[in-house]
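Spelled out, the chains give:
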Amino acid sequence: MKNNSKKIFVKSLSNKFPTKDITLDDQKDKLKLSTSKKNIIVDIGDGVIFGKKEIPIIAGPNGIESYNLMRKVAKCLKQNNVKLIRGHAYKPLTFPYRSSQYGETQDLGMDWIDKIKKEFKFKVVTEITEIRYLERVCRTADILQIGSRNMQNLELLREVANTNFPIILKRHFGSSLRDFLGAAEHILVEGNKKLILCERGVSIPHTHRDTSRFALDIQAIPALKEICKYPIISDPSHASFWAPWVPSLTFASIAAGCDGLIIEMHPNPKKSLVDPLQPLNFNQFKNLIKTSRSVAKSVKREIN
Ligand code: PEP
Ligand code: MN
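First things first, this report covers the structure right here in the doc. (Residues numbered from 1 in each chain as written. Chains lettered and ligands numbered in written order. Predicted model: local features only at pLDDT ≥ 70, side-chain atom pairs only at ≥ 80, totals over all residues. Heavy atoms only, no water.)

Here's the deal with the coordination of the manganese ion (ligand 2)
Of the protein atoms, only Asn-62 (ND2), His-238 (NE2) and Glu-264 (OE) coordinate the manganese ion (ligand 2), at distances of 2.0 to 2.5 Å. Here the donor residues for the manganese ion (ligand 2) map to a single chain with the spacing N-x175-H-x25-E. Of this pair, His-238 sits in helix α9 (residues 236–240) while Glu-264 sits in strand β10 (residues 261–264); the two residues are 26 residues apart in sequence, bridging distant segments of the chain. A relative accessible area of 11% means that His-238 is categorised as buried. (Donors = N, O, S within 2.8 Å, 3.2 Å for Na, K, Ca; no water. Helix = DSSP H or I, 4+ residues; strand = E, 2+ residues; numbered from the N terminus. Buried < 20%, exposed > 50% of the residue type's maximum accessible area, 1.4 Å probe, protein only.)

Structure representation (structure tokens):
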């Protein structure tokens, strides 16, 4: 009798404690939208679709540093048949000190990327850091990116969701998959189903190089796919922070089943105003795309 009541007590508490694992109860209750069984595709228009056979590539520098830089990037992307350009005009930094050369280009940066978008017919992916920038960002962007550092900025999630724009939600580098899907659920509950999840590396005790900040959680891709039917993309650049590792992590992400990629590239990486160790140069980018096409083919996916 005593033993039995103990068993019942443990059972009734089994899903009441915070946990990092996603239980079956979570899937029915707390995460019912993000773990729904219906396959979701996110259609950006003009043939750019996340969640089907094709793996769209999003590429560009870290920040929209200048119009000329974005023009050079745009030409290289066109040569490699990449349809989504990235770059941030508003940018959270880990530390509050900006170098004398680097400031956010903000509205001016948005005007430059707007011009590039119209001239080259790109889809634009850019980060939204604060609600007050939403109006300007929505005038140009095709996909709003919510950065890792804002993954649980719930007010921002809600307001961004209510624009009904497609959203890339980046996983925080210290977040469990349960908390990641919890953040996703905050977007979905607003009625916005144009959600793309992004794995971008997690903090672990060591990464072998002091220049490497995070480790790409490749396992997150198949793990999320098991329970979540929203597209999952990978960002090997921000994960490794180290350009020489980006190709292998890209190929591994494709093999793991990712539905898209974010790759940082720059005409002259050393001169990149933030994170200069991370972007690929144009030649490295071209080679990356070429090999990625064969890797995609070998797992029955496609990069055009
Ligand atoms: C970025 O995409 O430029 C970026 C800052 O990413 P994250 O939020 O993953 O660090
Ligand atoms: Mn960056």
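Anyway, onward from the coordinates.
Here's the deal with the site of ligand 1
Surveying the vicinity of ligand 1 reveals the residues Asn-62, Arg-86, His-88, Lys-91, Glu-127, Gln-145, Gly-147, Ser-148, Arg-149, Lys-170, Arg-200 and His-238. The contact in question runs from an oxygen atom of ligand 1 to an N or O atom on the side chain of Arg-200, over 2.6 Å. Contact distances for ligand 1 include 2.9 Å between an oxygen atom and a side-chain N or O atom of His-238. The protein chains hide 97% of the 290 Å² of surface that ligand 1 would expose on its own. Looking at the shell around ligand 1, its residues break down into no nonpolar, 6 polar and 6 charged. (Near = heavy atom within 4 Å. Polar contact = N/O pair within 3.5 Å; in protein donor to acceptor, adjacent residues only side chain to side chain. Areas by Shrake-Rupley, 256 points an atom, 1.4 Å probe, with all protein chains shown as cover. Nonpolar A, V, L, I, M, F, W, Y, C, P; charged D, E, K, R; others polar.)

A look at the pairing of strand β1 (residues 42–45)
Note: β1 against strand β2 (residues 48–50), 3 bridges, orientation antiparallel. The partner of Gly-45 across the bridge, within β2, is Val-48. Hairpin geometry of β1 and β2 is characterised by an intervening segment of 2 residues between the two adjacent antiparallel strands and by a positive phi of about 50° at Asp-46. (Pairing = 2+ DSSP bridges.)

With respect to unusual backbone geometry
Trans is the common state for peptide bonds, and a negative phi is the common state for residues other than glycine. Backbone geometry places Phe-241, a non-glycine residue, at a positive phi of 70°. Mapping Phe-241 onto the fold places it in the loop between α9 and α10 (246–256). For Asp-275, which is not a glycine, the phi torsion comes out positive at approximately 45°. Here Asp-275 shows up in the loop between β10 and α11 (282–298).

These results come straight from atomic positions and should not be treated as a statement about function.
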